[in-house]
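# Examining the three-dimensional arrangement
Each chain, letter by letter, is given below.
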Amino acid sequence: MTSDNLNRIGNTSEPQTKSLAEIMESFMGAFTKLWWISIVLMILAGMLGYFKYKSDYVAMYQSEVTFSITSPEYDGPDETYTDNTQLASTLSVSFDYLINNEVFYEIIQKDLGLNYVPSIITVSAVPNTNILSIIALGKNPELNNKVIDSIINNYSEVVEFVLGETKLTILEQPMGSDEAINAYEPTKAIIKYGFIGFILGLLPSVAYAFFVRTIKSKEDIEKYLSVTCFGILPVVNVNRKEKNATCSILDKKIGFRYLEAMRTITSRCERELEKNQCKVILITSTQENEGKSTFAMNLSYSLSKLQKKVMLIDGDLRKPELRNKINSELIRADLEDYSMEQFLNREVKSNRAIANIKDTRVILLAPNKPAKNTVDCLNSSSMENFIKEGRDVVDYIIIDAPPCSGISDAAVLAKYSDGVIYVVKEDTAKVNKILDTIQEFSYTRIPIIGCILNGSVGRLKLSYGYGKRYGGYGYGYGSYGGYGYGEYGEVSDKEFRTKPRKVSKHIALETTEEQKKALEAERQNKKDEL
């Protein structure tokens with residue numbers, strides 16, 4: 001990406017609204033990541049519902065007595081009370097009023113020896129009968145029975161006073177129950193509150209869908225970032241329990257999709273690097289865990305298979321971790337523990353700090369201790385001279401820089417490079433955050449030549465027409481997890497390893513005794529064949 005592209009990035013603004021399809025896609029993507037919030041809130045809310053129901057629950061008991069009502073003939077013009085059925089209905093209303101008043105309450109309180117009435121009293125008539133029911137509802141079944149007894153003992157005075165001579169016959173003696181009429185059933189409360197918690201847990205996903213925009217496709221990169229996308233790398237599930245587990249194209253267990261995607265990206269990168277005359281490439285990303293170090297490592301391996309000599313440098317001086325990502329079986333075991341400061345200040349010997357990665361043309365400079373004065377080290381003349389001398393020794397220098405977010409180390413390292421390859425993990429960093437970090441490179445005037453979409457979970461469109469074959473050896477899948485490059489044309493692997501490589505004025509990598517013996521054995525075999 002040229003300086004004009006950088007200016008275009010600075011002027012790029014996000015659309016204010018999303019389409020319904022984008023909102024739904026974002027919601028589903030967010031929910032797959034944030035589903036645990038809904039589950040946690042559902043469980044917590046369900047527990048809250050349970051404890052609330054438990055604290056509010058009061059067991060209620062009731063006692064009931066049933067009367068039949070009869071009345072003598074009344075000779076007056078109003079014959080209402082001669083109908084015992086109608087009498088029961090009328091009395092149920094009047095009797096309920098008479099009992100539930102302060103005068104009758106005082107009578108009940110006096111009988112029970114309490115200063116309150118412990119039960120709720122209701123009076124009702126059984127439809128189409130002359131039967132009347134009185135119910136006492138309260139927390140204590142024993143007190144309910146006493147309230148009913150008090151009503152039976154005192155009702156005659158009230159009825160006679162209001163209705164005259166009316167006969168109430170008890171059909172069923174007062175009955176109480178030790179079983180609560182409102183059973184203890186917290187299930188409904190748990191479900192209700194759990195459902196509310198689950199809905200609340202969806203709010204972050206809804207907010208994400210409406211207000212957060214991330215990169216999800218190659219088209220998004222070119223649309224929002226105005227950067228060429230070299231390709232898409234799929235998700236690779238690596239068993240972290242295995243020793244030296246890493247997503248490396250040298251690993252035979254890495255799948256075909258990743259290998260083909262990496263092959264396509266390498267081909268496009270090489271064309272772009274040659275076009276822009278880039279020898280020093282900076283690999284960075286917006287934030288941690290986007291896969292930039294893994295990509296830098298695999299790009300180095302891929303370029304080395306194109307007969308390119310590559311130097312891979314861990315540029316994260318604060319948290320150097322690149323050495324841990326490389327299979328320990330591929331590098332010497334006698335590498336010292338050192339920081340970049342110690343290396344540049346010649347406090348550690350170069351042959352104990354730099355290693356050849358086995359079966360590749362990659363030279364590794366990977367400190368494993370953090371630098372004490374990172375800024376001074378990055379801006380030192382020693383760093384500048386080392387990279388300048390490395391340009392004359394190898395075809396490409398790949399610097400695995402730290403993420404851009406929060407620190408400016410990547411921007412400082414950019415001044416030593418010819419171009420930047422930006423790694424974006426699918427649906428991770430926000431678009432506006434990516435734009436802010438990319439904008440930093442506009443001040444260095446170093447072009448961003450391309451972008452990699454990493455960690456894609458969708459289908460890949462793999463290209464098989466590269467315009468240029470891999471060093472003339474085509475598609476031979478054999479060793480190295482399917483790459484199987486066999487011979488490299490002009491120079492074989494063993495011949496490459498026997499040639500000393502002078503990395504700088506003070507660093508020279510010599511062939512090991514084991515490699516020399518292997519070469520002698522190969523030459524002897526050729527003589528025997530002749």
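Quick note: structure is the one above.
These figures come from a predicted structure and were not determined experimentally.

Reading the values: rules and limits
- Residues numbered from 1 in each chain as written.
- Predicted model: local features only at pLDDT ≥ 70, side-chain atom pairs only at ≥ 80, totals over all residues.
- Heavy atoms only, no water.
- Phe/Tyr/Trp six-rings, centres within 6.5 Å; stacked < 30°, edge-to-face > 60°.
- Helix = DSSP H or I, 4+ residues; strand = E, 2+ residues; numbered from the N terminus.
- Core = buried A, V, L, I, M, F, W, Y, C linked by side-chain atoms within 4.5 Å.
- Buried < 20%, exposed > 50% of the residue type's maximum accessible area, 1.4 Å probe, protein only.
- Pairing = 2+ DSSP bridges.
- Axes fitted to C-alpha atoms, helices over the stretch in contact; angles between N-to-C directions.
- Expected span 1.5 Å × (residues − 1).
- Bend = angle between axes of the 7 residues up to and from the residue.
- Contact = heavy atoms within 4.5 Å.
- 1 Å grid on protein atoms, 1.4 Å probe; cavity = no way out; pocket = protein on both sides within 12 Å on 5 of 7 lines; lining within 4 Å.
- Points joined across faces, edges and corners; volume = space filled by probe spheres on them.
- Nonpolar A, V, L, I, M, F, W, Y, C, P; charged D, E, K, R; others polar.

### Points about the packing of aromatic side chains
- Inspection of every chain in the model, using the stated rule, returns eight aromatic pairs.
- Ring geometry for Y57 and Y184: centres 5.1 Å apart, planes at 75°, overall edge-to-face. On the criterion of sequence distance, the pair formed by Y57 in the loop between α2 (20-56) and β1 (61-70) and Y184 in the loop between β4 (167-176) and α6 (187-211) is long-range, its members being 127 residues apart.
- One aromatic cluster in this structure is built from Y53, Y57 and Y184.

### As for the nonpolar core
- In terms of nonpolar packing, the biggest core is built from 50 residues, with I215, L225, M340, F343, Y422 and F441 touching the most fellow members.
- When residues in this core are grouped by element, the largest group, five residues, is from helix α15 (residues 431-444).
- Counting 41 residues, the second largest nonpolar core, distinct from the first, contains L306, L322, I326 and L335.

### Side note on the pairing of strand β7 (residues 310-314)
- Counting buried positions over the five residues of β7 gives five, a clear majority of the element.
- Every second residue of β7 is oriented toward a common face, with V310, L312 and D314 on one face and M311 and I313 on the other, all of them buried.
- Note: β7 against strand β9 (residues 362-365), four bridges, orientation parallel. The residue of β9 that forms the bridge with V310 is V362.

### Focus on the sheet that holds strand β3 (residues 131-138)
- Taken together, four strands build an open sheet; the order of strands is β2-β3-β1-β4 and the sheet is antiparallel. Among the strands making up the open sheet, the edge pair consists of β2 (119-125) and β4. Neighbour-to-neighbour, the strand axes of the sheet open up by a mean angle of 20°, direction not taken into account.
- Pairing of β2 with β3 involves seven bridges; the strand directions are antiparallel. Each residue of the ladder has a partner; that of V123, found in β3, is I134.

### Some thoughts on α6
- Over its 25 residues, α6 extends 37 Å from the first C-alpha to the last, a length consistent with the 36 Å expected when each residue adds 1.5 Å.
- Of all the bends in α6, the greatest measures close to 25° and is centred on P204.
- Every buried residue of α6 is accounted for by A189, G194, G197, G201, L202, S205, Y208 and A209.
- Residues of α6 that are buried in the fold lie against α2.

### Re empty space enclosed by the protein
- Counted by the stated rule, this structure contains one cavity of 30 Å³ or more.
- When its volume is computed, the largest cavity comes out at roughly 30 Å³.
- Looking at the largest cavity, the residues that line it are I313, G315, L317, M340, M383, I387, I399 and L413.
- In terms of residue class, the lining of the largest cavity is built from seven nonpolar, one polar and no charged.

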